[in-house]
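Overview (structure and organization)
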Amino acid sequence: MSRIEAARAILAANDRGGYTVPTDRLYPFQWNWDSAFVAMGWVTFDAERAWREIERLLEGQWQDGLVPQIVFHAPSDDYFPGPDIWGVTHKPPTSGIPQPPVLATAVRFVLERHGAAGVERARAIYPRLVLNHLWWQRARDPEATGLAATLHPWETGMDNSPAWDAALERVPTKTRTEIRRRDTGHIDPAFRPRGIEYQRFVHLVDLFRETGWNARRMLDISPFKVADVGTNAILLRAERDLLALAEQFGSTAERAAISERIARKEIVLAGLWDDALGHYLSRDLIGGNLIPVRTSAGFLPIFAGLHERARELAARLEGWRARNIALVPSTDPDAASFEPQRYWRGPVWAVVNWMIARGLREAGEEATAASVSADTRRLVGEAGFSEYFNPMDRAGIGGETFSWTAAIDLLLGEGEGR
Ligand code: DGY
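Residues numbered from 1 in each chain as written. Predicted model: local features only at pLDDT ≥ 70, side-chain atom pairs only at ≥ 80, totals over all residues. Heavy atoms only, no water.

Considerations on the overall build of the protein
The helix and strand inventory of the protein stands at 18 helices and eight strands. Across its three principal directions, the C-alpha atoms of the protein cover 50 × 50 × 45 Å. Here the protein holds 418 residues, and the buried ones make up 61% of them. Excluding contacts between residues fewer than 6 apart, the proportion of contacts in the protein whose partners are at least 24 apart in sequence is 70%. Surface exposure of the protein reaches about 14,800 Å², of which carbon and sulfur atoms provide 49%. Positive and negative side-chain charges in the protein, numbering 49 and 55 respectively, have mean positions lying 2 Å apart. (Helix = DSSP H or I, 4+ residues; strand = E, 2+ residues; numbered from the N terminus. Buried < 20%, exposed > 50% of the residue type's maximum accessible area, 1.4 Å probe, protein only. Contact = heavy atoms within 4.5 Å. Areas by Shrake-Rupley, 256 points an atom, 1.4 Å probe, with all protein chains shown as cover. Lys, Arg positive; Asp, Glu negative; His and termini not counted. Charge placed at Lys NZ, Arg CZ, Asp CG, Glu CD.)

Overview of the nonpolar core
Ranked by internal contacts, the top residues of the largest apolar core, which has 137 residues, are Trp33, Phe37, Ile54, Trp213, Leu317 and Trp354. A total of eleven residues in this core trace back to one element, the largest contributor, which is helix 12 (residues 229-249). For Trp33, the contacting residues outside a window of four places in its chain are Gln99, Pro100, Val102, Thr156, Gly157, Met158, Ile234, Trp344, Met355 and Trp404. (Core = buried A, V, L, I, M, F, W, Y, C linked by side-chain atoms within 4.5 Å.)

As for empty space enclosed by the protein
Using the criterion set out here, one finds five cavities of 30 Å³ or more in the structure. Put simply, the largest cavity is a space of about 190 Å³. Residues of the lining of the largest cavity, tallied by class, amount to twelve nonpolar, three polar and four charged. (1 Å grid on protein atoms, 1.4 Å probe; cavity = no way out; pocket = protein on both sides within 12 Å on 5 of 7 lines; lining within 4 Å. Points joined across faces, edges and corners; volume = space filled by probe spheres on them. Nonpolar A, V, L, I, M, F, W, Y, C, P; charged D, E, K, R; others polar.)

Brief notes about helix 3 (residues 47-58)
Across its twelve residues, helix 3 extends 17 Å between first and last C-alpha, which sits within 8% of the 16 Å expected from 1.5 Å per residue. The element helix 3 is extensively covered by neighbouring structure, given that nine of its twelve residues are classed as buried. Residues of helix 3 that are buried: Ala47, Arg49, Ala50, Trp51, Glu53, Ile54, Arg56, Leu57 and Leu58. Looking at the buried side of helix 3, the elements it contacts are strand 1 (30-31), helix 2 (32-42), strand 2 (70-71), helix 5 (103-114) and helix 6 (119-140). (Expected span 1.5 Å × (residues − 1).)

Some details on the side chain of His90
Position of His90 among the secondary structure elements: in the loop between helix 4 (83-86) and helix 5. Among the polar contacts listed, one links the side chain of His90 to the backbone oxygen of Gln61, at a separation of 2.9 Å. Within polar-contact distance, the side chain of His90 engages the backbone oxygen of Pro92 at 2.9 Å. When near neighbours in sequence (up to four residues on either side) are disregarded, His90 contacts Glu59, Gly60, Gln61 and Trp62. (Polar contact = N/O pair within 3.5 Å; in protein donor to acceptor, adjacent residues only side chain to side chain.)

Things to note about the pattern of salt bridges
In total, this model carries 39 salt bridges according to the counting rule given. A salt bridge links Arg49 to Asp15, with the shortest nitrogen-to-oxygen separation between them at 3.1 Å. Note that Arg49 is positioned in helix 3 and Asp15 in the loop between helix 1 (3-13) and strand 1, a separation of 34 residues in sequence. In this structure, Arg345 engages Asp165 in a salt bridge whose closest nitrogen and oxygen atoms are separated by 2.7 Å. Here Asp165 lies in helix 8 (residues 165-168) and Arg345 lies in the loop between helix 15 (310-322) and helix 16 (350-362), a separation of 180 residues in the sequence. What makes Arg345 buried here is its relative accessible area of 5%. (Salt bridge = Lys/Arg side-chain N within 4 Å of Asp/Glu carboxyl O.)

Structural notes on the site of the ligand
Close to the ligand lie Tyr27, Trp31, Gln69, Tyr79, Gln99, Trp154, Asp159, Arg192, Tyr198 and Tyr343. Taking Trp31, its side chain carries an N or O atom lying 3.0 Å from an oxygen atom of the ligand. Note that an oxygen atom of the ligand is positioned 2.6 Å from one of the side-chain N or O atoms of Tyr79. Alone, the ligand offers 230 Å² of accessible surface; in the complex the protein occludes 95% of this. Of the pockets mapped on this structure, the ligand occupies the largest cavity. A class-by-class count of the residues in the shell around the ligand yields six nonpolar, two polar and two charged. (Near = heavy atom within 4 Å. Sits in = over half its atoms within 2 Å of the grid points.)

So, the packing of aromatic side chains
Enumeration according to the criterion identifies 32 aromatic pairs in this entry. Here Phe109 and Trp354 contribute two aromatic rings whose centre-to-centre distance is 6.1 Å and whose plane-to-plane angle is 80 degrees, an arrangement assigned as edge-to-face. Here the residue Phe109 occupies a position in helix 5, and Trp354 occupies one in helix 16, the gap between them amounting to 245 residues. The exposure classification of Phe109 matches that of Trp354, with both residues buried. Centre to centre, the rings of Trp349 and Trp404 are 6.0 Å apart; their planes meet at 85 degrees, and the pair counts as edge-to-face. (Phe/Tyr/Trp six-rings, centres within 6.5 Å; stacked < 30°, edge-to-face > 60°.)

Description of unusual backbone geometry
Cis geometry is adopted by the peptide bond preceding Pro92, which originates at Lys91 and carries an omega value of -5 degrees. Leu327 connects to Val328 through a cis peptide bond whose omega is -5 degrees. For Val328, the position within the fold is in the loop between helix 15 and helix 16. In this structure, Ala144 takes a positive phi of about 55 degrees despite not being glycine. Within the element layout of this structure, Ala144 appears in the loop between helix 6 and helix 7 (153-156). In this model, Trp213 sits at a positive phi of 55 degrees, which is unusual for a non-glycine residue. Structurally, the position occupied by Trp213 is in the loop between helix 10 (195-210) and helix 11 (215-221). We classify Trp213 as buried; its relative accessible area is 9%.

Shown next as structure tokens:
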């Protein structure tokens, strides 16, 4: 089987009827940002299936516009916390929090690949994207500062990043829900978040559930509140892609509102730059400080279209590469908190690489963009379609036959994002 056939076969094997699970057993439902990347992978060989992926994700969208992190289309005992613990009334059941909003970017991408044949599908989806972006503003930035708040590490997709360590200290470890982890039954616990982190993750779920998933209340009472540089960069990129879709499908008023949000976000995202660390950082919205940990999320403002620091950030990546560290480690390998095999504390993730490479290429940093893409291809070529990779010894870790890794490999194989 060729490499392309192998990647396609993974998507086909993880297809559960119009939606793709990230991998069998470890993640048995539909995840939000996974599906956005996976749709971009599907469109390389099956545009109809790419649209279905997005439409099935939107079956989980709430009336207020939230596109939840997980849609529980079919029951499974393989994952904790399941729908009963989230206690959400939506049908199909969902979790109650968002994930990085890659969706508008994916819709634009799928439409551009599919061409005229995709226009009616995109036209039907477009209002749902508008509603979702309004949710981000209303629920997470009601004062229109331009920076969206994140209330749970799971929302960032980078659950146990060292960037959250200090802010998580404010979250009590006591839970009402009994913690019955399933992930560590599937995967070596050394590669997964620690027990104390799960206690805090579940404490937050308990707290939010008790508000009845009231967005305003959650924002007011959450003991964890950060402006994640990754989420905010992805959201700015998504706003630009939504604007491009609005040129085709939207009204003048919609285009004006999106443009206004873009202008504000460009300014505040640039304000997350820290001269001392020479990196974009997340902000702790309770303490008020920038969080002094360099992570791979700090490269994503380039993907958002902020190009003024691209040279400096590309030089950091080249420095790591010269030391034979595979790009892009999720945490700065020189940080005390770096752990090369523990989930988001060090490993390389193909989807983050794809966004960074695309941003670098658009910023004119072609050589470094090519390095990031080449490293990603090499990791997958040598270690397989793993969930993530150790940047030091290049081993594949976490789940195997992973959908988003296969999707990104299909894109990079075609030169997309190079
Ligand atoms: C998990 O359960 O590990 C996921 O990252 C949550 O989205």
